[in-house]
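# Report on the structure
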Amino acid sequence: DNWFETRRYNDDITQIFEPHVIPDIHCNIWHVRGRDHDLLLDTGMGVVSLREHVALVTEKPVFCVASHSHFDHVGSNHEFDERLMHAAEAGILTTPTQDNTVTSNYVTADIFTAAPYAGFNVDTYEIKAAPPTRLVADGDIIDLGDRYFEVLHLPGHSPGSIALWEAATGTLLSGDVIYDGLLYDELYHSVREDYAISMERLRDFNVKTVHGGHWESFGQARLIELIDEYLA
């Protein structure tokens, strides 16, 4: 019952995370309240049911958006009826494996500081298939009724990596494209040249707040610093 923790922001955005997974691995799950739909960007590892243990994600119809297909971001996607992601990684969540979700690279007993439940065996951990019900592309709009997020296709970390941009509030939900920590560009489908182009593109946005896929949120000045640090 204490597998998930939540942190509420003033603009109806809530951070959900798994505190018993080490900080380098546990992702930030972002929930946004809308008038007609809620938005959920990423779903964590899936070792404990997100829908059963976080009531917030069941209050309204929800668009479950995958920022990309890595295990730490998509573990509970199968629990939601409306699943959105970029076409470049749709095949991975249709037929997930230990390798294509990078589970085999990182999932060991050492990443857990507590067992999610009695009898948990890390060797049997796997991502369940969750084929997308809607494919999104750069420039698409996710309409919550009173809030509108633009899809930004920003490959590099992975071919289908996306971020969500709300121009009205200057809010960037960045997934693993950028966050205030070590960025990974050496995975099996990472492309550094694409990552550099994606970073340069982010300079053009008048960002107030970046809610990343890991670690703490930050503002425009830190965004530019992180871009410069990566490109250097």
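This text goes with the structure placed above it.
Described below are features of the structure shown in this document.

### Describing the side chain of Thr 14
- In this structure, Thr 14 sits in strand β2 (residues 13–17).
- Those residues in contact with Thr 14 that sit more than four places away from it in its chain are Thr 6, Arg 7, Arg 8, Ile 29, Trp 30, His 31 and Leu 56.

### Details of helix α5 (residues 192–202)
- Those residues of α5 not exposed but buried are Tyr 195, Ser 198, Met 199 and Leu 202. Along the axis of α5, the buried positions cluster into a sector of 100°, meaning they face one direction only. The exposed set on the far side of α5, more than 90 degrees from its buried face, consists of Glu 193 and Ile 197.
- At its buried positions, α5 is contacted by β11 (171–175) and α6 (220–231).

### Digging into the sheet that holds strand β4 (residues 38–41)
- Pairing is mixed in the open sheet, where seven strands are placed in the order β1-β2-β3-β4-β5-β6-β7. Of all the strands in the sheet, the pair left with one neighbour each is β1 (5–8) and β7 (134–136). The mean angle between the axes of side-by-side strands here comes to 25°, regardless of whether they run parallel or antiparallel.
- Bridging between strand β5 (residues 62–65) and strand β6 (residues 82–86) involves three bridges; their strand directions are parallel.

### Some words on the pattern of salt bridges
- Inspection of the entire model under this criterion finds 13 salt bridges.
- The partner of Arg 8 in a salt bridge is Asp 12, and the shortest N-O contact between them spans 2.9 Å.
- Put simply, Arg 203 and Asp 228 hold a salt bridge, and the shortest N to O gap is 2.5 Å. In this pair, Arg 203 is assigned in the loop between α5 and β12 (209–212) and Asp 228 in helix α6, connecting sequence segments 25 residues apart.

### Brief notes about the packing of α5 against α6
- Direction vectors running N to C along α5 and α6 enclose 155°, while the axes themselves pass 10 Å from each other. The angle between α5 and α6 falls in the class roughly antiparallel. In this structure, α5 crosses over α6, and the sense of that crossing is left-handed. Residues Arg 192, Tyr 195, Ala 196, Met 199, Glu 200 and Leu 202 of α5 form the contact with α6, whose participating residues are Leu 223, Ile 227, Tyr 230 and Leu 231.
- Considering only residue class, the contact of α5 with α6 consists of eight nonpolar, no polar and two charged.

### Structural notes on the side chain of Ser 158
- With respect to the helices, strands and loops of the structure, Ser 158 is situated in the loop between β9 (148–153) and β10 (162–166).
- Since its relative accessible area comes to 1%, Ser 158 is described here as buried.
- Look past the residues within four positions of Ser 158 in its chain and what remains in contact with it is His 68, His 70, Glu 89 and His 189.

### Thoughts on unusual backbone geometry
- With a phi angle near 55°, Val 102 is a residue other than glycine that sits in the positive phi range.
- Looking at the secondary structure, you find Val 102 in the loop between α3 (90–94) and α4 (103–106).
- Despite not being glycine, Trp 215 shows a phi value in the positive range, around 65°.

### Comments concerning the state of the cysteines
- In total, this model carries zero disulfides according to the counting rule given.
- For the unlinked cysteine Cys 27, the closest cysteine sulfur is that of Cys 64, found at 11 Å.
- Among the residues examined, Cys 27 registers a relative accessible area of 0% and is labelled buried.
- With a relative accessible area of 0%, Cys 64 lands in the buried category.

Rules and cut-offs
Residues numbered from 1 in each chain as written. Predicted model: local features only at pLDDT ≥ 70, side-chain atom pairs only at ≥ 80, totals over all residues. Heavy atoms only, no water. Helix = DSSP H or I, 4+ residues; strand = E, 2+ residues; numbered from the N terminus. Contact = heavy atoms within 4.5 Å. Buried < 20%, exposed > 50% of the residue type's maximum accessible area, 1.4 Å probe, protein only. Arc of directions from axis to C-beta. Pairing = 2+ DSSP bridges. Axes fitted to C-alpha atoms, helices over the stretch in contact; angles between N-to-C directions. Salt bridge = Lys/Arg side-chain N within 4 Å of Asp/Glu carboxyl O. Parallel < 35°, antiparallel > 145°, perpendicular 65-115°, else oblique. Left-handed = near helix turned anticlockwise from the far one by under 90°. Nonpolar A, V, L, I, M, F, W, Y, C, P; charged D, E, K, R; others polar. Disulfide = S-S within 2.5 Å.

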